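Structural overview
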Amino acid sequence: MDIQYVRLEEKLPPREYKSDLEATWCPGCGDFGVVTALTRAFSEEKLDPTALSLVSGIGCSSRLPLWMNAFGLHSCHGRAIPAAVGVRLAKPEIPTIVTAGDGDLFSIGMEHFPHAARKNFDMVVISMDNRMYALTKNQVSPTSRTGYKGSLTPYGNLDNPFNVLDFAIACGATFVAQTYAGNPKHMTEIIEAAIEHKGFAFVNILSPCPTYNKIDTFKFYKGRLVDINKDLGHDPSDKAKALEHASHALDADWDPEAKVPIGIFYKTEEVPTFEEKVAALKEKYKPENPETVWDDILNQYKV
Amino acid sequence: MASFDLTVKYAGEGGEGVISSGDFTMKAAAKLGYEVVTFKSFPAEIKGGYALSQVRMSDKKILSQGDGFDILVAFNGEAYEVNKPLLREGTVLIWDGPEGGDFEPEFEELEKKGVIMYAVPMSKLAKQEVGAYITKNVVAMAATFELLGMPIEALKEEIVAKFSKKGQEVVDLNFKAIEVAQQYVRENIKKIDPYKVPGPLPKKDVIIVEGNEAIALGAAAAGVKVFAAYPITPATTVGNYLAPIILKTGGYVYQAEDEISSMAIVIGASFAGVKAMTATSGPGVSLMQELIGLASMTETPAVIVDVQRGGPSTGMPTKHDQADLFAAALGGHGDDQRIVIAPTNVEENFYLTIESFNMSEKYQVPVLFLTDASLSLRAEAIPTPNIKEIQSKLIERPIIKKGEVSPEELEHLFRYQITENGISPFLAPGESPKPYTATGLEHGENSYPRTTPKERTEMMEKRFKKLENIEDENPHLVEWDLGDLKEGEKADISIVTWGLTASIAKEAIQRLRNKGIKVAALYPKLIYPLPSKAIEKVASMSDILLVPEANYLGHLAKFIRMFTSIPAEKIVQYNIYRGEPFIPKEIEEKVEEILGKKVQA
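Residues numbered from 1 in each chain as written. Chains lettered and ligands numbered in written order. Predicted model: local features only at pLDDT ≥ 70, side-chain atom pairs only at ≥ 80, totals over all residues.

This next bit is on the overall build of chain A. The secondary structure content of chain A amounts to 10 helices and eight strands. Taking 303 residues into account, the globule formula puts the C-alpha radius of gyration at 19 Å, and chain A, at 20 Å, falls close to it. Seen through its C-alpha atoms, chain A measures out along the principal axes to roughly 75 × 45 × 40 Å. When each of the 303 residues of chain A is scored for burial, the buried share is 52%. (Helix = DSSP H or I, 4+ residues; strand = E, 2+ residues; numbered from the N terminus. Rg over C-alpha atoms; globule rule 2.2 N^0.38 Å. Buried ≥ 20, exposed ≤ 12 C-beta atoms within 10 Å, placed from the backbone.)

As structure tokens, then:
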């Protein structure tokens, strides 16, 4: 069953995807760049603001749908993915983008990610990864560096950071990419590719928090990024290689010589989407005669 | 008066076919045109433990599972021991003997009591004569049918319906078990009990459904498109029954990774513009509370079925309880808006599920549908519903469609517009011309986050305004039971009760009226917001308001204290919390005790 997104015939200018609300993020926040990249990608993909849903959880980055002109669902902390699953089950023709943060997706909402990924729901999940909690004023998140000082861990983070890229591949995500808020062009390209991908597309966006995180800054990333596709010639269909690249995603935390990889790590369209499988079931079991469907149903209960 | 009213109880070890004996008997009885109501109870384990299945049959409408049983079919010693105290004069005991079983009844003691005993060696006959121990329950059933004079053809038809898929051999084996049992009874037992059932009665246009089946059918008839749930006893079967039906009506049953996810999916689907629901039990409701609040804040319709079970914590997953009312109505944080609906019987499980969708769509609030473990398993023959008529009366949320409003009107149209009744236009992706962001943050009419005291106050009042007149707008959601009394006339006692307890109280009240006691009763189906006016009115008809319910705290009684002007000293709680429903006799005796004391005083 081929399910097509609703699309416009003509491109809308990117600003048409912005709402009248000004973002309440701090000046210099990486998430501003994500808004810009999203509006450009939506424009390029000819998405219709009245047939597009942006679903988020709670946190700084999860406010994003409010700044956008699209059907937004700013849900509960951690619940962006299942709320998006609801939209996908209801209206698979509506493109659905989850825009959330690293704490929302990988701490409080952790139980949802692997299931949506392995079932291959056709949605884009964007993590704006600032490697800490900002809205609650600086606590460690699952992606925080070892030793990072948060308000609840004043003596430094005891944990190792969580590698979301190799995790996403292991979960069965059919598109896994990383990009950087300081590179709008790369970000736009990756988001477009994620929207075009049929299946579960995870995009980790390194999005620095200028207010609290003084380590994972724009300055830190400058000169450290490497585009695994363009610079290293990585072929995203090579899963073993994808996992190897992903396994080095956090090397720069402790090795000043190491690079931070960006690009499309993994992509396969050989897995049918969950929505396609549901549509096939509905087709297979649809009533021969809709007029008598209820007679047939009730007859099963007659004595 | 009913010409016959008979209850057969099968009891034994779980997994021995006790439950299916009840099911077969119930279906055969319905086939014969009898009214039927069943009561089942089994342990949470897959195999083993004490299980029972009871079938009450009559030629007249049956209100409850009754006070007890007339015929006990004891599959094993445990079943006998558990039920021995309930054997009384005239009760028939069909037991697994005189040989081959694991027990012997105390003949002398029971004879003295006047219990009638028939030994049917069900284990031995199944093993030796039929050649398959698995047919023990069929032997027991067929013996019971033979003793009652119940046409065996009805049982045979059910066996064909159930087993023909498994092959003719299986059908033949079960038919052999029937013959063996019939022959044994004819040759060895002299019937001395008075119990007899009539021959086939005129066939009625009915369907036989269990409580949870009725919910599934109701949801499909109401047009549910997304059902998301996580397995939990005793609610799982709602989804089981719905899964094949919903594919024919264009929806899908989705097994989520947990209850939190289920509720988020329901909200996401409903936000997208389709009807969505979940079904769970107490522990699931606890997990869903935060998201139910989101549905309330974003004014997203959602139906949450809570098949109550014994709590708190894991409690008693397969047992009866009515203790989730506080959680359903008031379990969230903040001042949220919810509606709680509770059915009293299987037929209402069907119609009130549809009504829950209607209420949810109309008021744009989450509706919690509170049923329970006993009702989930109770089977009834209900008149075949007219789906076309039901569907022509469904209430749908007011989705603003593209092209319906002019650009100027669109400028001034907002998702959370403050209107006279608080109910705002609905906007849905793919249908409506104006996007917005639904947010759990406090927001203004245009859905933008707002925290000014003025806007906060306005929006809070707007959301509560929707439910301000809910009682007056839905008089069909309270059932008056006044007998010959007129509204406002003096009664000896007033009774308000809810859920399954209401159907049991109804039977007790009929008996009390037959004894000349004047009872004014009210069964609210809308439990929250509480229909205070009706409850105050029924309470005003006597000096006592009795509130029987199967919970410790007295949830409804406490609500009556909170939300009505009825003096506290007038409200008499009557609570049981043993994991089993009331029996009519208990309520009957409680009323007599209260009135007796009053007379003495």
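Attention now moves to the overall build of chain B. The helix and strand inventory of chain B stands at 22 helices and 21 strands. Relative to the 2.2 N^0.38 estimate, which gives 25 Å for 601 residues, the radius of gyration of chain B is 26 Å and therefore close to what a compact globule would have. Considered along the principal axes of its C-alpha atoms, chain B spans approximately 90 × 65 × 45 Å. Counting all 601 residues of chain B, 54% fall into the buried class. A separation of at least 24 residues holds for 76% of the contacts in chain B among residues at least 6 apart in sequence. (Contact = placed C-beta atoms within 7 Å.)

Where the parts come together, the accessible area they lose is often given as the size of the interface. All names here are of chain B. The domain boundaries assigned to chain B delineate domain 1 (5-188), domain 2 (208-392), domain 3 (398-468) and domain 4 (477-600). Centre-to-centre separation of domain 2 and domain 4, based on C-alpha positions: 27 Å. Listed per partner, the contact involves 24 residues of domain 2 and 20 residues of domain 4. For the side of domain 2 that touches domain 4, the elements supplying multiple residues, two or more each, are helix 12 (325-330), strand 12 (339-341), helix 13 (346-363), strand 13 (366-372) and helix 14 (373-377). Across the side of domain 2 that touches domain 4, the residue classes break down as 13 nonpolar, six polar and five charged. (Domains from an automatic or database assignment. Nonpolar A, V, L, I, M, F, W, Y, C, P; charged D, E, K, R; others polar.)

With 49 residues of chain B at the contact, the number on the chain A side is 46 residues. Secondary-structure elements contributing two or more residues to the side of chain B that touches chain A are helix 1 (18-31), strand 7 (206-210), helix 9 (236-248), strand 9 (252-255), helix 10 (259-271), helix 11 (282-297) and strand 15 (437-439) of chain B. Top contributing element to the side of chain B that touches chain A by residue count: helix 10 of chain B, with nine residues. Within the side of chain B that touches chain A, the residues separate by chemical class into 31 nonpolar, 11 polar and seven charged. Sheet topology places strand 2 (residues 71-74) of chain A next to strand 15 of chain B; three bridges connect them, and they run parallel. Counterpart to Leu73(A) in the pairing with strand 15 of chain B is Ala438(B). (Pairing = 2+ DSSP bridges.)

Here the focus is the pairing of strand 6 (residues 201-206) of chain A. All names here are of chain A. The buried fraction of strand 6 is high, at six of six residues. Side chains Ala201, Val203 and Ile205 of strand 6 all project onto a buried face; the interleaved residues Phe202, Asn204 and Leu206 project onto the opposite face, where all are buried too. Strand direction decides the pairing type here: strand 4 (residues 124-129) and strand 6, joined by six bridges, are parallel. For serine 127, the partnering residue across the bridge sits in strand 6 and is asparagine 204. The sheet contact formed by strand 5 (residues 175-180) and strand 6 spans six bridges and is parallel. Considered in strand 6, the bridge of alanine 177 is made with valine 203.

On to the packing of helix 1 of chain B against helix 6 (residues 152-163) of chain B, then. A packed helix pair is summarised by two numbers, namely the angle formed by the two axes and the spacing between the axes. Residues and elements named next belong to chain B. Between helix 1 and helix 6, the least distance of the axes is 9 Å, while the angle of their chain directions is 120°. The angle between helix 1 and helix 6 places the two elements in the oblique class. Considering how the two elements wind past one another, helix 1 and helix 6 form a crossing that is right-handed. Contact residues: Phe24, Lys27, Ala28 and Lys31 in helix 1; Ala154, Leu155, Glu157 and Glu158 in helix 6. Residues of the contact of helix 1 with helix 6, tallied by class, amount to four nonpolar, no polar and four charged. (Axes fitted to C-alpha atoms, helices over the stretch in contact; angles between N-to-C directions. Parallel < 35°, antiparallel > 145°, perpendicular 65-115°, else oblique. Left-handed = near helix turned anticlockwise from the far one by under 90°.)

The omega torsion of the bond from Gly97(B) to Pro98(B) falls at 5°, within 30 degrees of zero and hence cis. Residue placement: Pro98(B) occurs in the loop between strand 5 (92-95) and helix 3 (107-113). The phi dihedral of Lys137(A) is positive, around 75°, even though this residue is not glycine. Along the chain, Lys137(A) turns up in the loop between strand 4 and helix 5 (164-171). Its 10 C-beta neighbours within 10 Å are what place Lys137(A) among the exposed residues. Its identity is not glycine, yet Asn138(A) carries a phi of approximately 75°, on the positive side. Within the fold, Asn138(A) resides in the loop between strand 4 and helix 5. Judged by local crowding, Asn138(A) falls into the partly exposed class, with 18 C-beta atoms found within 10 Å.

Here the focus is the packing of helix 1 of chain B against helix 5 (residues 136-148) of chain B. Residue and element names in this part refer to chain B. Between helix 1 and helix 5, the least distance of the axes is 9 Å, while the angle of their chain directions is 40°. In this view, helix 1 runs oblique relative to helix 5, as classed from their interaxial angle. Where helix 1 crosses over helix 5, the two elements pack in a sense that is right-handed. Two secondary-structure elements touch here, helix 1 through Val18, Ser20, Ser21, Phe24 and Thr25 and helix 5 through Asn137, Ala140 and Met141. Here the contact of helix 1 with helix 5 is composed, by residue class, of four nonpolar, four polar and no charged.

Turning our eyes to something else, we now look at helix 7 (residues 168-188) of chain B. Residue and element names in this part refer to chain B. For helix 7, spanning 21 residues, the distance from its first C-alpha to its last is 30 Å, which sits close to the expected 30 Å at 1.5 Å a residue. Along helix 7, the positions that sit buried rather than exposed are Asn174, Phe175, Ala177, Ile178, Val180, Ala181, Tyr184 and Val185. Close packing links the buried residues of helix 7 with helix 4 (122-130), helix 5 and helix 6. (Expected span 1.5 Å × (residues − 1).)

So, on to the sheet that holds strand 4 of chain A. Overall, mixed pairing links the nine strands, which are arranged 7(A)-8(A)-5(A)-6(A)-4(A)-3(A)-1(A)-2(A)-15(B) in an open sheet. Each of the sheet's edge strands pairs with one partner strand only, and the pair in question is strand 7 (225-227) of chain A together with strand 15 of chain B. Mean inter-strand twist for the sheet, computed between neighbouring axes without regard to direction, equals 20°. Alignment of strand 5 of chain A against strand 8 (residues 260-267) of chain A, held across four bridges, turns out to be antiparallel. When the sheet's bridge partners are listed, Ala177(A) is paired in strand 8 of chain A with Ile264(A). Contacting strand 1 (53-56), strand 2, strand 3 (96-101) and strand 4 of chain A, helix 2 (residues 80-90) of chain A crosses the sheet at an angle of about 175° to strand 3 of chain A. Against the sheet, helix 6 (residues 184-196) of chain A engages strand 4, strand 5, strand 6 and strand 8 of chain A, with an angle of about 160° to strand 5 of chain A.

Residues and elements named next belong to chain B. Within the secondary structure layout, leucine 217 lies in helix 8 (residues 211-222). Distance in space between the C-alpha atoms of leucine 217 and tyrosine 241 is 8.1 Å, their sequence separation being 24 residues. Not counting residues within four places of it along the chain, the set of residues in contact with leucine 217 comprises Val209 and Phe350.

So, about helix 4 of chain B. Residue and element names in this part refer to chain B. Among the residues of helix 4, those classed as buried are Met122, Ser123, Leu125, Ala126 and Val130. Where helix 4 is buried, its residues meet helix 5 and helix 7. Looking at the residues trailing helix 4, positive phi occurs at glycine 131, about 90°.

Once that is clear, we can look at the pairing of strand 17 (residues 493-496) of chain B. In the case of a regular strand, side chains alternate between the two sheet surfaces. Residues and elements named next belong to chain B. The side-chain alternation of strand 17 yields two buried faces, one formed by Ile493 and Ile495 and the other by Ser494 and Val496. Sheet analysis places strand 17 next to strand 18 (residues 519-524), joined by four bridges and oriented parallel. When the sheet's bridge partners are listed, isoleucine 495 is paired in strand 18 with alanine 521. Remark: the strand 17/helix 19 (residues 500-514)/strand 18 crossover connection has right-handed handedness. Sheet topology places strand 17 next to strand 20 (residues 545-549); two bridges connect them, and they run parallel. When the sheet's bridge partners are listed, isoleucine 495 is paired in strand 20 with leucine 546. (Right-handed = clockwise from strand over helix to strand, strands pointing away.)

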